[in-house]
Amino acid sequence: MREERVAPASAGLRKAGPRNGAAEQRREGRVWLHVGRVAAFVAQEHMEANVLKRIGRSLLPKPARRRLAGWARRLTRRPPVGRVDFGDLRRLRPISGDWGFDRGTPVDRHYLGSFLSNHAGDVRGRVLEVGTNAMTLGLGGANVTRSDVLHVSVGDPPVTIVGDLATGGGLPIEAFDCVIATQTLQFIYDAAAAVRTIHRMLRPGGVALVTGAGISRISRYDMERWGEHWRFTSCCAQKLFEEVFPPENVTVETFGNVLAAVAFLHGVAAEELTREELAHHDPDYEVLVAVRVVRPEVS
């Protein structure tokens, strides 16, 4: 009859060796497989990320949890790293070399039109517009008693005044009820002096509607003639105008988002985006910076 032997209590407390380490690795591998399946389910079902954290805390030691966190971020990021589909945007030249005019309305002009339309009531009396009088006549209509167009050099009609906003040369003082200067200040090196000139040109109670480029390509035409010097933010625009006008008379607005910015840089027209895409406002992507300022009635 075989004698039964009772294993001592210490028999199960074997020293960790190579074979025991391999077993631990297999067990950890099974845990990772289980967690991976759960993580895939979480990603597929769009569950909240803290579910993964709870699973990881209950199953894995801290070093493994850190590895899991990095792996989960790569798993759930959309699109996955290295899998971004650039489509028509994977190119070294813009889709339109003409700002999008050849496809429709450039994105910045869409925002510019929205800003001016919202303040159409300010376009009245004697109005000075830089470069053209399209906005003056289109928005002011019968409320405009006289339309003047400013340009830095002699040009064809409708230019009525040749002057320099930086120096104030050739420009009348306290003559205008409204000044429209769109996409102009980025071409004037001394932008602060131009703001002071706008203040001097306005009659007491007069309004200036000014826009500047925030995110934009370079205008090669202007760069080669008088230079393109600046890109504006809401912060610098506020400070620039508050140095001349009372802070309570300065209102700064911004327009744009990352999609609108990319579309504008490529010359994709506003008509190629949806109304919702254009209207979405992201303060971190200021495609257009717009300012409305009022000269006080009493200087």
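Residues numbered from 1 in each chain as written. Predicted model: local features only at pLDDT ≥ 70, side-chain atom pairs only at ≥ 80, totals over all residues. Heavy atoms only, no water.

## A short note on helix α4 (residues 107–118)
Part 1 of the reasoning: Between the first and last C-alpha of α4 there are 17 Å, a value that for 12 residues agrees with the 16 Å anticipated at 1.5 Å per step.
Part 2 of the reasoning: Along α4, the residues that are buried comprise Val107, Asp108, Tyr111, Leu112, Gly113, Phe115 and Leu116. (Helix = DSSP H or I, 4+ residues; strand = E, 2+ residues; numbered from the N terminus. Expected span 1.5 Å × (residues − 1). Buried < 20%, exposed > 50% of the residue type's maximum accessible area, 1.4 Å probe, protein only.)

## Some remarks on unusual backbone geometry
Part 1 of the reasoning: Positive phi, close to 50°, is recorded for Glu174, a residue that is not glycine.
Part 2 of the reasoning: Mapped onto the secondary structure, Glu174 falls in the loop between β3 (161–162) and β4 (176–182).
Part 3 of the reasoning: Taking relative accessible area as the criterion, Glu174 reaches 39% and is therefore assigned partly exposed.
Part 4 of the reasoning: Within the chain, Gln183 stands out as a residue other than glycine whose phi angle is a positive 50°.
Part 5 of the reasoning: Mapped onto the elements, Gln183 comes out in the loop between β4 and α6 (191–201).
Part 6 of the reasoning: Note on Gln183: relative accessible area 12%, which makes it buried.

## Thoughts on the sheet that holds strand β2 (residues 144–151)
Part 1 of the reasoning: Strand order in this open sheet of 7 strands is β3-β2-β1-β4-β5-β7-β6, and the pairing throughout is mixed. The sheet terminates laterally at β3 and β6 (250–255), the two strands that pair on one side only.
Part 2 of the reasoning: Pairing of strand β1 (residues 125–130) with β4, which is carried by 3 bridges, proceeds in the parallel orientation. Residue Glu129 lies in a different strand from β4, and its bridge partner there is Ile180.
Part 3 of the reasoning: On the sheet, α4 packs against β4, β5 (202–213), β6 and β7 (288–294) and is oriented at approximately 20° with respect to β7.
Part 4 of the reasoning: Helix α8 (residues 234–242) rests against β5, β6 and β7 of the sheet, and its axis sits at about 160° to β6. (Pairing = 2+ DSSP bridges. Contact = heavy atoms within 4.5 Å. Axes fitted to C-alpha atoms, helices over the stretch in contact; angles between N-to-C directions.)

## With respect to the packing of aromatic side chains
Given two aromatic rings, one states the distance between the centres and the angle between the planes to describe the pair.
Part 1 of the reasoning: With the rule as written, the count across this model stands at 5 aromatic pairs.
Part 2 of the reasoning: Measuring from ring centre to ring centre gives 5.9 Å for Trp99 and Phe264, while their planes differ by 35°; the resulting arrangement is tilted. Of the two residues, Trp99 is situated in the loop between α3 (62–76) and α4 and Phe264 in helix α9 (residues 258–266); the sequence distance between them amounts to 165 residues. Each member of the pair, Trp99 as well as Phe264, carries the same accessibility label: buried.
Part 3 of the reasoning: On the basis of an interplanar angle of 35° and a centroid distance of 6.4 Å, the ring pair of Phe241 and Phe245 is categorised as tilted. This pair shows no difference in class: Phe241 is buried, exactly as Phe245 is. (Phe/Tyr/Trp six-rings, centres within 6.5 Å; stacked < 30°, edge-to-face > 60°.)

## Considering the nonpolar core
Part 1 of the reasoning: Counting 28 residues, the largest nonpolar core has Leu165, Leu185, Met201 and Phe241 as its most contacted members.
Part 2 of the reasoning: By residue number, the principal contributor to this core is α6, which donates 5 residues.
Part 3 of the reasoning: Once residues lying within four places of it in the same chain are set aside, the contact partners of Met201 are Leu128, Leu165, Leu171, Pro172, Ile173, Glu174, Ala175, Phe176 and Val179.
Part 4 of the reasoning: One finds Trp99, Leu116, Phe264 and Val294 within the second-largest nonpolar core, a separate group that totals 26 residues. (Core = buried A, V, L, I, M, F, W, Y, C linked by side-chain atoms within 4.5 Å.)

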